[in-house]
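One letter stands for each residue in the lines below.
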Amino acid sequence: KQEWARFRQVVVNCVLATDTMDQDFWDERRDQWAICFGENATAGESQAHKNQKATIFMEYIVQSAVTGPSMQHYQIFIKWFRRRILQSHDRASDAGQSN
């Protein structure tokens, strides 16, 4: 039960990490990173501290995956965007949901 609660919290935190527009969340994450990985980070770590480090690391990975595609060249974005739109329209047409 305790592992399930921890897993759920990690998943919720990772989903919240996709909200790149919330400045308060960014500030909180940056502060937590400084606590866990900064110059004043403690050498002897409890399990709770290790869990916090892992959670923050996962949040940054998810956030990178969300913001990474926006850093690509515009022409590549348009190419993939058009492909996805066409696939979406094809699926809707095949399912009889097109206008």
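Residues numbered from 1 in each chain as written. Predicted model: local features only at pLDDT ≥ 70, side-chain atom pairs only at ≥ 80, totals over all residues. Heavy atoms only, no water.

**Student:** I would appreciate a short explanation of the overall build of the chain in the present structure.
**Tutor:** Secondary structure summary: the chain contains 4 helices and 0 strands in total. Taken from N to C terminus, the helices and strands of the chain fall in the order α-α-α-α. Compactness check: the chain gives a C-alpha radius of gyration of 19 Å against a globular reference of 13 Å for 99 residues, more than 25% above the reference. Taking the principal axes of its C-alpha atoms as reference, the chain extends roughly 60 × 40 × 20 Å. The proportion of buried residues among the 99 residues of the chain is 14%. Just so you have it, the chain exposes about 8,200 Å², and 56% of that area is on carbon and sulfur atoms. Averaging the positions of the 12 positive and the 12 negative side-chain charges in the chain gives two centres separated by 9 Å. (Helix = DSSP H or I, 4+ residues; strand = E, 2+ residues; numbered from the N terminus. Rg over C-alpha atoms; globule rule 2.2 N^0.38 Å. Buried < 20%, exposed > 50% of the residue type's maximum accessible area, 1.4 Å probe, protein only. Areas by Shrake-Rupley, 256 points an atom, 1.4 Å probe, with all protein chains shown as cover. Lys, Arg positive; Asp, Glu negative; His and termini not counted. Charge placed at Lys NZ, Arg CZ, Asp CG, Glu CD.)

**Student:** Looking at this structure, how should I read the layout of surface pockets?
**Tutor:** Any space left empty among the atoms is revealed by the rolling of a water-sized probe across them. Roughly 180 Å³ of volume is contained in the largest pocket. The element contributing the most residues to the lining of the largest pocket is helix α3 (residues 47–67), with 6 residues. Residue composition of the lining of the largest pocket, grouped by class: 3 nonpolar, 6 polar and 4 charged. (1 Å grid on protein atoms, 1.4 Å probe; cavity = no way out; pocket = protein on both sides within 12 Å on 5 of 7 lines; lining within 4 Å. Points joined across faces, edges and corners; volume = space filled by probe spheres on them. Nonpolar A, V, L, I, M, F, W, Y, C, P; charged D, E, K, R; others polar.)

**Student:** Can you help me understand a nonpolar patch on the surface in this one?
**Tutor:** There is a patch of nonpolar side chains on the surface, built from W33, F37, F57, M58 and I61 and spanning about 450 Å² of accessible area. Elements supplying a minimum of two residues to the nonpolar patch: α2 (23–37) and α3. It is α3 that provides the largest number of residues to the nonpolar patch, a total of 3 residues. (Patch = residues over 30% accessible without salt bridge, like charges linked within 9 Å, V, L, I, M, F, W, Y side chains within 5 Å. Salt bridge = Lys/Arg side-chain N within 4 Å of Asp/Glu carboxyl O.)

**Student:** Is there a simple way to think about the environment of K53 in this case?
**Tutor:** Relative to the helices and strands, K53 is located in helix α3. Put simply, K53 and Y74 are 21 residues apart on the chain and 35 Å apart in space, counted from C-alpha to C-alpha. When near neighbours in sequence (up to four residues on either side) are disregarded, K53 contacts C36, F37 and E45. (Contact = heavy atoms within 4.5 Å.)

**Student:** Mind showing me how you'd approach the packing of helix α1 (residues 2–16) against α3 here?
**Tutor:** For any two helices packed against each other, one specifies the inter-axial angle together with the distance between the axes. Running from amino to carboxyl end, α1 crosses α3 at an angle of 35°, the nearest separation of the two axes being 9 Å. As α1 packs across α3, the resulting crossing turns out to be right-handed. Taking contact as the criterion, the partners of R6, V10, N13 and C14 in α1 are, on α3, N51, Q52, T55, M58, E59 and V62. (Axes fitted to C-alpha atoms, helices over the stretch in contact; angles between N-to-C directions. Left-handed = near helix turned anticlockwise from the far one by under 90°.)

Limitation: the analysis is restricted to geometry and does not speak to function.
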